[in-house]
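As a plain string of letters, each chain reads:
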Amino acid sequence: MSDCLFCRIVAGEIPSERVYEDEKVVVFKDINPKAEVHLLVIPRQHIESLDSLRAEDDELIAYMMRLLPRLARDQGLHDGFRTIINTGKGGGQLVFHLHLHLLGGKNLPGFE
Ligand code: 5GP
Ligand code: ZN
């Protein structure tokens, strides 16, 4: 059993509110939402952070980026959204499995 929280969410060992999934990614609601809409987009494969990306991950990262506007629209965010990626302890990363935060709607937070 993996000791990575998000690998365990991908495997279904820890429940989550999934809103989308395919062969490359899983998307679920953040457990502690910072805005009306707060999703986490994660690759099924374990990648620690932006810091550990390799050239062969380029296609996956581009795929995740291009998925964001579609997810935002599906959540009713028709006039925009915010994307945050925390990298490393100094960047506020708490879970070391790469994830894109997709935020929008009421109470959209600043960068603080
Ligand atoms: P980070 O600070 O690493 O960029 O963000 C980690 C995010 O994961 C936080 O926003 C936190 O609320 C969320 N999170 C932590 N544990 C869980 C969990 O078990 N389930 C879900 N759905 N989200 C989680
Ligand atoms: Zn993982």
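A brief look at the structure comes next. (Residues numbered from 1 in each chain as written. Chains lettered and ligands numbered in written order. Predicted model: local features only at pLDDT ≥ 70, side-chain atom pairs only at ≥ 80, totals over all residues. Heavy atoms only, no water.)

### Some remarks on the site of ligand 1
Then, in step 1: Around ligand 1 lies a shell of 16 residues, among which Asp30, Gly92, Leu94, His99 and His101 are the nearest.
Then, in step 2: Lys29 is positioned with one of its backbone polar atoms (N or O) 2.9 Å from a nitrogen atom of ligand 1.
Then, in step 3: Here an oxygen atom of ligand 1 sits 2.7 Å away from a polar atom, N or O, in the main chain of Leu94.
Then, in step 4: Coverage of ligand 1 by the protein chains reaches 85% of its 520 Å² of free accessible surface.
Then, in step 5: Going through the elements one at a time, helix 1 (5-10) and strand 2 (25-29) are the ones with two or more residues in the shell around ligand 1. (Near = heavy atom within 4 Å. Polar contact = N/O pair within 3.5 Å; in protein donor to acceptor, adjacent residues only side chain to side chain. Areas by Shrake-Rupley, 256 points an atom, 1.4 Å probe, with all protein chains shown as cover. Helix = DSSP H or I, 4+ residues; strand = E, 2+ residues; numbered from the N terminus.)

### Quick look at the side chain of His97
Then, in step 1: Turning to its location among the elements, His97 is positioned in the loop between strand 4 (82-84) and strand 5 (100-104).
Then, in step 2: Apart from the residues within four sequence positions on either side, His97 is in contact with Cys4, Phe6, Cys7, Ile42, Pro43, Arg44, Gln45, His46, Ile47 and Glu48. (Contact = heavy atoms within 4.5 Å.)

### Considering the pairing of strand 5
For a regular strand, side-chain orientation follows a simple rule: the groups alternate between the two sheet faces.
Then, in step 1: Burial runs high along strand 5: 5 of the 5 residues are buried.
Then, in step 2: Burial along strand 5 is two-sided: the face carrying Leu100, Leu102 and Gly104 and the face carrying His101 and Leu103 are both buried.
Then, in step 3: Relative to strand 5, strand 3 (residues 37-43) runs antiparallel, the two being bridged by 5 bridges. Among the inter-strand pairings, Val41 is bridged to a residue of strand 5, identified as Leu100.
Then, in step 4: Where strand 4 and strand 5 come together, 3 bridges link them in antiparallel fashion. From the neighbouring strand, Arg82 faces strand 5, where its bridge partner is Leu103. (Buried < 20%, exposed > 50% of the residue type's maximum accessible area, 1.4 Å probe, protein only. Pairing = 2+ DSSP bridges.)

### Some remarks on the coordination of the zinc ion (ligand 2)
Tetrahedral coordination by four donors sets the ideal angle at the metal to 109.5 degrees; octahedral coordination by six donors sets it to 90 or 180 degrees.
Then, in step 1: Here the zinc ion (ligand 2) is held by Cys4 (SG), Cys7 (SG), His46 (ND1) and His97 (ND1), and the distances to it run 2.0 to 2.3 Å.
Then, in step 2: Sequence positions of the residues that donate to the zinc ion (ligand 2) give the spacing C-x2-C-x38-H-x50-H. With Cys4 in the segment before helix 1 and His97 in the loop between strand 4 and strand 5, this pair connects stretches of sequence that are 93 residues apart. Each of the two residues, Cys4 as well as His97, counts as buried. (Donors = N, O, S within 2.8 Å, 3.2 Å for Na, K, Ca; no water.)

### Some points on unusual backbone geometry
As a rule of thumb, non-glycine residues mostly have phi less than zero, and peptide bonds are mostly trans rather than cis.
Then, in step 1: Phi at Asn107 is positive, roughly 65°, even though this residue is not glycine.
Then, in step 2: Residue placement: Asn107 occurs in the segment after strand 5.

### Details of the nonpolar core
Then, in step 1: Counting residues in each nonpolar core, the largest one holds 18 residues, and the members touching the most others are Val27, Val41, Met64, Leu71 and Leu102.
Then, in step 2: Of all the secondary-structure elements, those providing two or more residues to this core are strand 2, strand 3, helix 2 (58-74) and strand 5.
Then, in step 3: Broken down by element, the residue count for this core peaks at 7 residues, all from helix 2.
Then, in step 4: Apart from residues lying up to four places away in sequence, Met64 is in contact with Val25, Val41, Ile42, Pro43 and Leu100.
Then, in step 5: In terms of nonpolar packing, the next biggest core, distinct from the first, is built from 10 residues, Cys4, Phe6, Phe28 and Ile42 among them. (Core = buried A, V, L, I, M, F, W, Y, C linked by side-chain atoms within 4.5 Å.)

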